[in-house]
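# Examining the three-dimensional arrangement
Listed below are the residues making up each chain.
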Amino acid sequence: MKKIFLNLLKQPITNSYLPNLKSKTLKKEFFYNLSMAFDTNNYLVSIKKPINPKNQYTDKYAHRASQSKTMNIAFRKIANKLRKRFKPKLTIEIGSNDGVFLKNFSKKEIIAVEPCKNLAKITNRQGYKTFDKFWNLNLSKKITYKKGKVDLIYSANTISHIPNLDEVFKAVSFCLNDHGVFVFEDPYIGSVIENNSYDQFYDEHVHLFSLIAISNVVKKNNLRIIDVEILETHGGSIRFYVTKIGSKFNTSKKVNNLFKSEIRKKLNNFTTYRLFSNRVKKSKKKLLSLLKKLKKDKKKVISYGATYKSATIFNYCNIGPDLISFVTDSTKNKQGKYTPGMHIPIKPPCDMVKEKVDFAFLGAWNFSKEIKHKEKKFLKSGGKFITHVPTVRSF
Ligand code: DWN
């Protein structure tokens, strides 16, 4: 049974940055109710009613994974690690975005899958064979008939975006060699609970994974988890290593250790999520009262990073241009547009000292180290950042 624990109210599609605020554009804006549910059978946390992926992963997809230095380094590291550990001859990447992982492989070694046609075009142009299709059993069969079975499948921040997980794993099973490995990483529900980072809930994050939940899902699909890692990426992610039941790999001790730790943290218990939801409501109140006070004090507040995550916060807390003057983002195709739902203007990164910015809300709090390093001048001149993780504060 799927039990709702958090209602994040009316939300837009996070990728739908508005080109202008003309009434024709506003009329077309799509909203849905974002409610998060806990499945009492397999302990998976998911959106109660996900929206149709065809409306999300269009040829106007905005996010470019290569925009942060942190992620470029992270993808280079994992590519090297996987190559060393599994020595794959042929690899598939599911959800290749703008090629930030692919570029660590030669063009013959890797096949990409990316349903957003504008992104697939980028990597096809670079010479990486990219199927501009959704990952499913049909596509897996098509790739296997053309290229043969593969040794490694890698995916970052994509599997949690796919509503039908059984189909994902069936498709993986079909094209993986008997001793092949499926490695995927996505935001970790354990970190969301710990950091109170409720902004990890948005239309694209259909599921938030725990080890307990994913072990149930893979077991059902005749696969097993041989290793697991908790990562700092994106404010807390989990990386799974999955193989066929009869593969040659032993199971790492880390799997059992994390399993026990999740049981201790009661990630398999509805009450944990209900209590979390109370903390989210408190966080909303605190953030709103801070922003309202800053407005009263005539402080200039902006937001840093037009993230998909911050769309959840702005829409849930009803934060618009009256409280946040503008949002900056280094992604060219977000600049000059407006944030989904709350319509805050998005500008290119600016000199925050010259612009007399007093406070910058960290929409991209997951890159706070990188941002603080970049914005030393702002901090030195008395500027402050605001964050809501793990509690609302400025620093
Ligand atoms: O899973 C997903 C994650 C990985 O990426 C997607 N569904 C969509 C997207 O979500 P997000 O927008 O919350 O992700 P990021 O990676 O936190 O976005 C950071 C944004 O901030 C980018 O648009 C780039 C921008 N940025 C910036 O303007 N200056 C980032 C840094 C580090 C900077 O210095």
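Quick caveat: nothing in here was measured; it's all calculated off a predicted structure.

About the cut-offs
Just so you know, the residues in each chain are numbered from 1, in the order the chain's sequence is written. The model is predicted, so local features are restricted to residues of pLDDT at least 70 and side-chain atom pairs to those at 80 or more, both for listing and for counting; the totals for chains, interfaces and linings are taken over all residues. Side-chain measures here rest on the full set of heavy atoms in the structure, leaving out hydrogens and waters. A 1.4 Å probe rolled over the protein chains alone gives each residue an accessible area, and that area as a share of the maximum for its type sets the label: buried under 20%, exposed over 50%, partly exposed in between. Strands here mean DSSP runs of E at least two residues long; helices mean DSSP runs of H or I at least four residues long; both are numbered from the N terminus. Under this definition, polar contacts are N or O atom pairs within 3.5 Å; protein pairs additionally need one hydrogen-donor-capable and one acceptor-capable atom, and for neighbouring residues in sequence, both atoms have to be side-chain atoms. Whether two strands pair depends on DSSP finding at least two bridges between them. Residues are treated as being in contact if the distance between any of their heavy atoms lies within 4.5 Å. Only C-alpha atoms enter the line fits that serve as axes; for helices the fit covers just the stretch in contact. Angles between N-to-C directions range over 0 to 180 degrees. Points on a 1 Å grid, built from protein atoms alone, make a cavity when a 1.4 Å probe fits but cannot get out and make a pocket when they are open with protein on both sides within 12 Å along at least 5 of 7 lines; residues with an atom within 4 Å of a point are the lining residues. Grid points are joined across faces, edges and corners, and a volume is the space filled by probe spheres set on the points. To be near a molecule or strand, a residue needs just one of its heavy atoms within 4 Å of it. Where accessible areas are quoted, they stem from the Shrake-Rupley method and a 1.4 Å probe; at the residue level, only the protein chains shown are allowed to cover. Residue type decides the class: Asp, Glu, Lys and Arg count as charged, Ala, Val, Leu, Ile, Met, Phe, Trp, Tyr, Cys and Pro as nonpolar, and the leftover types, Gly among them, as polar. Convention used here: a crossover is right-handed provided that the path from the first strand, over the helix, to the second strand proceeds clockwise when the strands point away from the viewer.

## What about helix α5 (residues 165-175)?
When α5 is considered as a whole, its buried residues turn out to be Leu165, Asp166, Val168, Phe169, Ala171, Val172 and Cys175. By the N-cap criterion, in which a side-chain oxygen at the helix start approaches the backbone nitrogen of a residue two or three places on, α5 is capped by Asn164, the distance to Asp166 being 3.3 Å.

## Some details on the sheet that holds strand β6 (residues 130-131)
Paired through backbone hydrogen bonds, the strands of a sheet run either parallel or antiparallel to each other. Strand order across the open sheet formed by seven strands is β6-β5-β4-β7-β8-β11-β10, with mixed pairing between neighbours. Each having just a single partner strand, β6 and β10 (223-231) make up the two edges of the open sheet. Here strand β8 (residues 176-187) pairs with strand β11 (residues 237-244) via six bridges, running antiparallel. Following the sheet pairing, Phe184 is matched in β11 by Phe240. Against the sheet, helix α7 (residues 211-220) contacts β8, β10 and β11, and its axis sits at roughly 160° relative to β10.

## Thoughts on the layout of surface pockets
By volume, the second largest pocket is sized at about 770 Å³. Along the wall of the second largest pocket there are 25 residues; nearest its centre are Thr70, Glu232, Thr233, Asn366 and Lys369. Elements supplying a minimum of two residues to the lining of the second largest pocket: α2 (69-86) and α11 (368-374). It is α2 that provides the largest number of residues to the lining of the second largest pocket, a total of eight residues.

## Some points on the site of the ligand
Close to the ligand lie 25 residues, the nearest being Glu204, Lys309, Asp329, Lys334 and Lys374. Take Asn366: an N or O atom from its side chain is 2.8 Å from an oxygen atom of the ligand. In the complex, the protein chains occlude 96% of the 710 Å² of accessible area that the ligand would expose alone. Of all the elements in the fold, those that place two or more residues in the shell around the ligand are α10 (308-317) and α11. For the shell around the ligand, the element with the highest residue contribution is α11, accounting for three residues. Taken together, the residues of the shell around the ligand break down into seven nonpolar, 12 polar and six charged.

## Points about the sheet that holds strand β9 (residues 207-208)
Judged by pairing direction, the sheet is antiparallel, and its four strands sit side by side in the order β1-β2-β3-β9 without closing on themselves. Strand pairing shows two members of the sheet lacking a second neighbour, β1 (2-12) and β9, which therefore form its edges. Sheet topology note: the strand β2 (residues 31-39)/strand β3 (residues 45-47) ladder contains three bridges and is antiparallel. Among the inter-strand pairings, Ala37 is bridged to a residue of β3, identified as Ser46. Those strands touched by helix α9 (residues 270-296) are β1, β2 and β3, and its axis lies near 30° from that of β1. Along the sheet, α10 contacts β1 and β2; its crossing angle with β1, the most-contacted strand, is approximately 85°.

## Some thoughts on the pairing of β8
With nine of 12 residues buried, β8 is to be regarded as a mostly interior element. Looking at chain direction, strand β7 (residues 150-156) and β8 are connected through six bridges and run parallel. Directly across from Tyr154, in β8, lies its bridge partner Val183. Chirality of the crossover, the property in question, places the unit of β7, α5 and β8 among those that are right-handed.

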